[in-house]
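# Understanding the architecture of this molecule
Read off the chains here:
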Amino acid sequence: MSIYEKINTAMDNNDVNAYAELLHEDFKFVRHASNSEMSKSDWVNVISSMMESGKVTRTNSRCIYENDDIFCLLYTSPSPRD
């Protein structure tokens, strides 16, 4: 199973531990609009809270690139400007 499939399975099952184990220690979540960044621990805290509240939603999820060492995932959501 690819990392992308494992991430989706963890999110579908609201499994924070499985999700966190898939992220590298140097993981960064970057918001493209503001260029703000979150560390792995910050991002896992956000995702954990969202999973617990049932507020995880994904739209237009796709894997941009994946090999044995690197994984890049893009989530896009409708913009309020659309």
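Overview of the structure. Since the structure is predicted, the reported quantities are computational estimates derived from the model, not experimental observations.

### Considering helix α3 (residues 40-53)
With 14 residues, α3 extends 20 Å between its outermost C-alpha atoms, agreeing within 8% with the 20 Å of an ideal straight helix rising 1.5 Å per residue. Of all the positions in α3, only Lys-40, Trp-43, Val-44, Ile-47, Ser-48 and Met-51 are classed as buried. The buried residues of α3 occupy one face: seen down the axis, they fall within an arc of 135 degrees. Facing away from the buried surface of α3 by more than 90 degrees, the exposed residues are Asn-45 and Glu-52. Against α1 (3-12), α2 (16-21), β1 (28-30) and β2 (37-39) lie the buried residues of α3. Immediately downstream of α3, the backbone of Gly-54 shows phi near 75 degrees, a positive value.

### Topic: the packing of aromatic side chains
Two measures describe an aromatic ring pair: the distance that separates the ring centres and the angle between the ring planes. Evaluation of the coordinates by the stated rule reveals one aromatic pair. Taken together, a centroid distance of 3.9 Å and an interplanar angle of 5 degrees make the contact between Phe-29 and Trp-43 stacked. Placement of Phe-29 in strand β1 and of Trp-43 in helix α3 is noted, with a sequence separation of 14 residues between them. You can call Trp-43 buried: its relative accessible area is 9%.

Reading the values: the criteria
- Residues numbered from 1 in each chain as written.
- Predicted model: local features only at pLDDT ≥ 70, side-chain atom pairs only at ≥ 80, totals over all residues.
- Heavy atoms only, no water.
- Helix = DSSP H or I, 4+ residues; strand = E, 2+ residues; numbered from the N terminus.
- Expected span 1.5 Å × (residues − 1).
- Buried < 20%, exposed > 50% of the residue type's maximum accessible area, 1.4 Å probe, protein only.
- Arc of directions from axis to C-beta.
- Contact = heavy atoms within 4.5 Å.
- Phe/Tyr/Trp six-rings, centres within 6.5 Å; stacked < 30°, edge-to-face > 60°.

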